[in-house]
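If you want the building blocks of each chain, they are given just below.
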Amino acid sequence: MNDRIRTDIAHNARVWNYWLGGKDNYPVDRAVGDQVTSFHPSIGAVARADRAFLGRAVTYLAAEAGVRQFLDIGTGLPTADNTHEVAQRVAPDSRVVYVDNDPIVLTHARALLTSAPQGVTEYVDADAHDPATILAAAGRTLDFSRPVAVLMLGILNFVLDTDEARRIVRTVMAALPSGSHLVLTHPTFDAELGGEGNIAAMEFWNAHATPPITARGRAEFASFLDGLDLLEPGIVSCSRWRAPGAVEVAQYGAVGRKP
């Protein structure tokens, strides 16, 4: 077994997979996932809402914004309606680069994230903390003279320093041309979205699982989108982004366009 794979401590990619109803997880992941759910009963709904948001955002970008290149940072374990499947359903020539640094994700991605014949799907083994490496590797597949949609769904919450998280976003977006987009989701403690349950849940997570996680308020989340034009409906619960009747979850979502 890959010596980077730890089966004695819960890992986010596998616990998230468990909450989504997947099978790529270990007993420790399920135990921690159940304990987190006891603190924050709607966490499974958050996971599903985040996934549905990805589908709506990528569909919009491919169908209406004409984007044909996607950089998905913090891919997680493959499940239904992965980024390339959504994009290539609309535009079979879409090119998608997935980025993650979990060895189980790497193994599954190489086996399962296969492109439509007209398009391209690649996988980069890199850490979100290292945007220069991500850009160098992604640039071998994507044409940075043409618009790219960057997806960072539930990934900046693992960058504990907010200034560093901003630097990561700005480094990536600075390398891309006008017409590129940033797609973000992030958990919050904000009471207006019912985020109080995240407090005890994240304390437990940080004591018993990896990597450590943080939540952020609306203003901090908004700061990641500085300099971009927010698409309607702006910053909302990710469940409500272009799905106005949905039940809110404690996870912000937004899409910004580089002018």
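Details of the structure are given in the entry above.
So, here is what we can say about the structure in this document. Not measured: the values here are computed from a predicted model.

### Focus on unusual backbone geometry
Next up, step 1: A cis amide bond links threonine 210 to the next residue, proline 211, at an omega of -10°.
Next up, step 2: Tracing the backbone shows proline 211 in the loop between strand E7 (209-210) and helix H9 (218-223).
Next up, step 3: Going from glutamate 232 to proline 233, the amide bond is cis rather than trans, its omega being 10°.
Next up, step 4: Relative to the helices and strands, proline 233 is located in the loop between strand E8 (229-230) and strand E9 (236-237).
Next up, step 5: Residue arginine 242 is not a glycine yet carries a positive backbone phi of 55°.
Next up, step 6: Tracing the sequence through the fold places arginine 242 in the loop between E9 and strand E10 (251-257).

### So, the side chain of glutamine 69
Next up, step 1: Its place among the elements puts glutamine 69 in strand E2 (residues 69-73).
Next up, step 2: The exposure class of glutamine 69 is buried, given its relative accessible area of 1%.
Next up, step 3: From its side chain, glutamine 69 meets the backbone oxygen of proline 147 in a polar contact 3.2 Å long.

### Some words on the packing of aromatic side chains
Next up, step 1: With the rule as written, the count across this model stands at four aromatic pairs.
Next up, step 2: Ring geometry for tryptophan 16 against tryptophan 19: centres 6.1 Å apart, planes inclined by 70°, an arrangement best described as edge-to-face. Remark: tryptophan 19 and tryptophan 16 occur in helix H1 (residues 12-19); sequence separation between them is three residues, near one turn of the helix.
Next up, step 3: For tryptophan 16, a relative accessible area of 22% corresponds to the partly exposed category.
Next up, step 4: Since its relative accessible area comes to 12%, tryptophan 19 is described here as buried.
Next up, step 5: Plain terms: the ring middles of phenylalanine 53 and tryptophan 241 are 5.5 Å apart, the flat faces sit at 80° to each other, and that makes the pair edge-to-face. Taken together, the residues span a long stretch of sequence, with phenylalanine 53 in helix H3 (residues 43-63) and tryptophan 241 in the loop between E9 and E10 at a distance of 188 residues. One exposure class covers both phenylalanine 53 and tryptophan 241, and it is buried.

### Let's talk about the pairing of strand E6 (residues 181-187)
Next up, step 1: Among the seven residues of E6, seven are classified as buried, and the element is accordingly described as predominantly covered.
Next up, step 2: Going residue by residue along E6, you find His181, Val183, Thr185 and Pro187 tucked away on one face and Leu182, Leu184 and His186 tucked away on the opposite face as well.
Next up, step 3: Bridge count between strand E5 (residues 149-153) and E6: five bridges; the pairing is parallel. Residue pairing in the sheet places leucine 151 in a bridge with valine 183 of E6.
Next up, step 4: Inspection of the sheet shows E6 paired to E10 by seven bridges, in the antiparallel sense. Looking at the pairing, proline 187 lines up with glutamine 251 of E10.

### Quick word on the side chain of aspartate 72
Next up, step 1: Its place among the elements puts aspartate 72 in strand E2.
Next up, step 2: In this structure, aspartate 72 is buried with no salt-bridge partner, the nearest side chain bearing the opposite charge being arginine 51 at 6.2 Å.
Next up, step 3: For aspartate 72, the side chain forms a polar contact with the side chain of threonine 83, separated by 2.7 Å.
Next up, step 4: Setting aside its immediate chain neighbours within four residues, aspartate 72 contacts Leu54, Thr83, Val97, Tyr98, Val99 and Leu151.

Calculation rules
Residues numbered from 1 in each chain as written. Predicted model: local features only at pLDDT ≥ 70, side-chain atom pairs only at ≥ 80, totals over all residues. Heavy atoms only, no water. Helix = DSSP H or I, 4+ residues; strand = E, 2+ residues; numbered from the N terminus. Buried < 20%, exposed > 50% of the residue type's maximum accessible area, 1.4 Å probe, protein only. Polar contact = N/O pair within 3.5 Å; in protein donor to acceptor, adjacent residues only side chain to side chain. Phe/Tyr/Trp six-rings, centres within 6.5 Å; stacked < 30°, edge-to-face > 60°. Pairing = 2+ DSSP bridges. Lys, Arg positive; Asp, Glu negative; His and termini not counted. Salt bridge = Lys/Arg side-chain N within 4 Å of Asp/Glu carboxyl O. Contact = heavy atoms within 4.5 Å.

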